[in-house]
Amino acid sequence: MQDVVGSDGDKAQRVEPVRRERSEVAKRGVLAQSDHADGAGYRLDGSMGRGVGDPSGLCAASRRSPSLFYHPPSRLRKRRYRFRGPVPLGAKARSYLCITFGTWLAELALRFSIFYARSRSALDPPQFPFCLLKPMQLNTFSILPVVFAIAAGALVPNSVSFAASHATKHATQKKPTPDAPAPTPLAGQTAVAGGTPAIAAKAWLLMDFDSGEVLASANPDEPLPPASLTKMMTSFLVEQALRSGKLKKDDLVSVSQTAWCRGSSTESCMYLPLNSQATVVDILRGIIIQSGNDASKAIAEHMAGSEEGFAKLMNAEAKRLGMTHTNFVNATGLPDPEHKASARDLAILARAIIRDSSDYYPIYAEREFKYNGIKQGNRNALLYTDPTVDGLKTGHTQEAGYCLVTSSKRNGMRLITVILNTNSAQARADQTRTLLGWGFGNFEKATPIQPNTVVTTAKVNFGKADTVAAALGSPWTVTVPRGQQVQTSVQVKPDLEAPVAKGAVIGKVVASSNGKPVGEAPLIAQADVERAGFMLRTWQRVAKLFGK
């Protein structure tokens, strides 16, 4: 075997003569030209290789522009090309029958001619047509035509004329493939606005970040395997320990034998070396960006002594946050029958991370992280395609399917999505895009009451002042379906008694849209109200008694 050098000087494989080369190209489903007679055949990389008629491998055609080796579809009709792909099954079946029948007829004609030659020399020739049976030996009548037909039929897709005819026929008769039907809504699906999207996932949820209101969902409270979405709780505990001072960014975390990742293809790793040490902030990035199981186990052992002890901390924090359908067994999300979380609980956790870990939340938007010379990209595909997405986490195991929790902020409104148990990484990204598009397209932010505006005046008992003004303590917005009006109602604490401190919560205001509550905000006392003296209090009590 010898090598050839193409026109650009690169070393290429030895190429066969044009007929064999064309056959190989056709087998790969690539269009191969059939009008070259100079002996130089195409290589699969598109350049010209040495053939029978061009021993130098540098024929004139190889010196031309590379555009000669690729022809746009508009030019294909002017040249003779082999048909791409296999012949349809119906055409192939007809080919088998035609070849079988034709071969049998040929054999019958051959046997008849032999019989005729023998019968002319015979003294007593047999009578026709029974004379055909003996020389043909009916009991050993050959099945060779069948075998020959099958072998010849297998070569039919490589036949230029046969394939070309079928290509023309099927090109004119081919019907457009209808679009795949949209996934049907799940049984437990609910939404605040109409036209809920059909999401192909076992459970999903859309939450408004500011209010925590669930805008749309399907099976939000069904406990399911969360896979690596578990690591959101692992990273959240690390972030809270950093904020409280229990951990420092430059604290060193040791990698034990149990935490060390052996580089298996079945799990994601940060690839921390055995018995090495890494800083807490590197471990945190390894958990969030690289989804490292070794990083999760290492920090669990560092904070709680063991992964089992860390799981108790995870469950205690989940209970504090109100995650009522969640139970953690490990820090990684590796499969365990008791390790479950619901879509609603994961959204609550994501909201807590964004709200309470604002110093470290930007890490969730980082696209890559390099450690120990190994650079790994963030598996959240939306970080690369949607600039409004800034977190949070992906997950996948065979039991959990493909999962994704994201957050996106557009025009001052932040939404959180949870997708659980889809069939591919592409599907989880596509379903999240659909859900975010539906959410931002059907909801908007509204300001029911401007800040520092007196909402009501609350009555105060046994104080030097009979009333106190109540207003919102901070700007307040709610998320409502687009085009709907917002109504408000005020609720003040009954039997409010002095003393009342300025800034104290003395009631709340509730916003509703289309008869459904969409949010509430506390009412704050705008002034101090001191307690009245004994005589004034006594008079107020008597007046209140007779007032009844």
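Draft legend 1. Inspection of unusual backbone geometry at higher detail. Omega for the peptide link from Gly 391 to Leu 392 comes to 10 degrees, which places this bond in the cis form. On the secondary structure map, Leu 392 appears in strand S10 (residues 389-397). For the peptide bond that leads from Ala 498 to Pro 499, omega is 5 degrees, which places it in the cis range. Inspection of the secondary structure assignment puts Pro 499 in the loop between strand S17 (487-492) and strand S18 (505-513). Positive phi outside glycine occurs at Phe 462, with the angle close to 60 degrees.

Draft legend 2. Representation of the sheet that holds strand S19 (residues 516-525) in the model. If you trace the five strands from one edge of the open sheet to the other, you get S14-S15-S19-S18-S17, paired in antiparallel fashion. Edge strands, defined here as strands with exactly one partner in the open sheet, are strand S14 (454-459) and S17. Across the sheet, the axes of successive neighbouring strands diverge by a mean angle of 30 degrees, strand direction being ignored. One ladder, built from five bridges, connects S14 with strand S15 (residues 467-472); its direction is antiparallel.

Draft legend 3. Structural context of the environment of Gly 292. Here Gly 292 is to be found in the loop between helix H8 (280-288) and helix H9 (293-304). With 20 residues separating them along the chain, Gly 292 and Leu 272 place their C-alpha atoms 9.0 Å apart. Not counting residues within four places of it along the chain, the set of residues in contact with Gly 292 comprises Lys 231, Ser 268, Cys 269, Met 270, Gly 286 and Ile 287.

Draft legend 4. Seen up close, the packing of helix H7 (residues 231-244) against helix H10 (residues 307-321). Look at H7 against H10: their axes get within 10 Å of each other, and the N-to-C directions meet at 90 degrees. Here H7 lies roughly perpendicular to H10, going by the angle between them. Residues Met 233, Thr 234, Phe 236 and Leu 237 of H7 lie in contact with H10, whose contacting residues are Phe 310, Leu 313, Met 314, Glu 317, Ala 318, Arg 320 and Leu 321.

Draft legend 5. Quick look at the packing of aromatic side chains. Throughout the structure, instances matching the rule amount to three aromatic pairs. Between Phe 369 and Tyr 371, the ring centres sit 6.4 Å apart and the planes meet at 25 degrees, which makes this aromatic pair stacked. There is no split in this pair, since Phe 369 and Tyr 371 are both buried.

Definitions and limits used
Residues numbered from 1 in each chain as written. Predicted model: local features only at pLDDT ≥ 70, side-chain atom pairs only at ≥ 80, totals over all residues. Heavy atoms only, no water. Helix = DSSP H or I, 4+ residues; strand = E, 2+ residues; numbered from the N terminus. Pairing = 2+ DSSP bridges. Axes fitted to C-alpha atoms, helices over the stretch in contact; angles between N-to-C directions. Contact = heavy atoms within 4.5 Å. Parallel < 35°, antiparallel > 145°, perpendicular 65-115°, else oblique. Phe/Tyr/Trp six-rings, centres within 6.5 Å; stacked < 30°, edge-to-face > 60°. Buried < 20%, exposed > 50% of the residue type's maximum accessible area, 1.4 Å probe, protein only.

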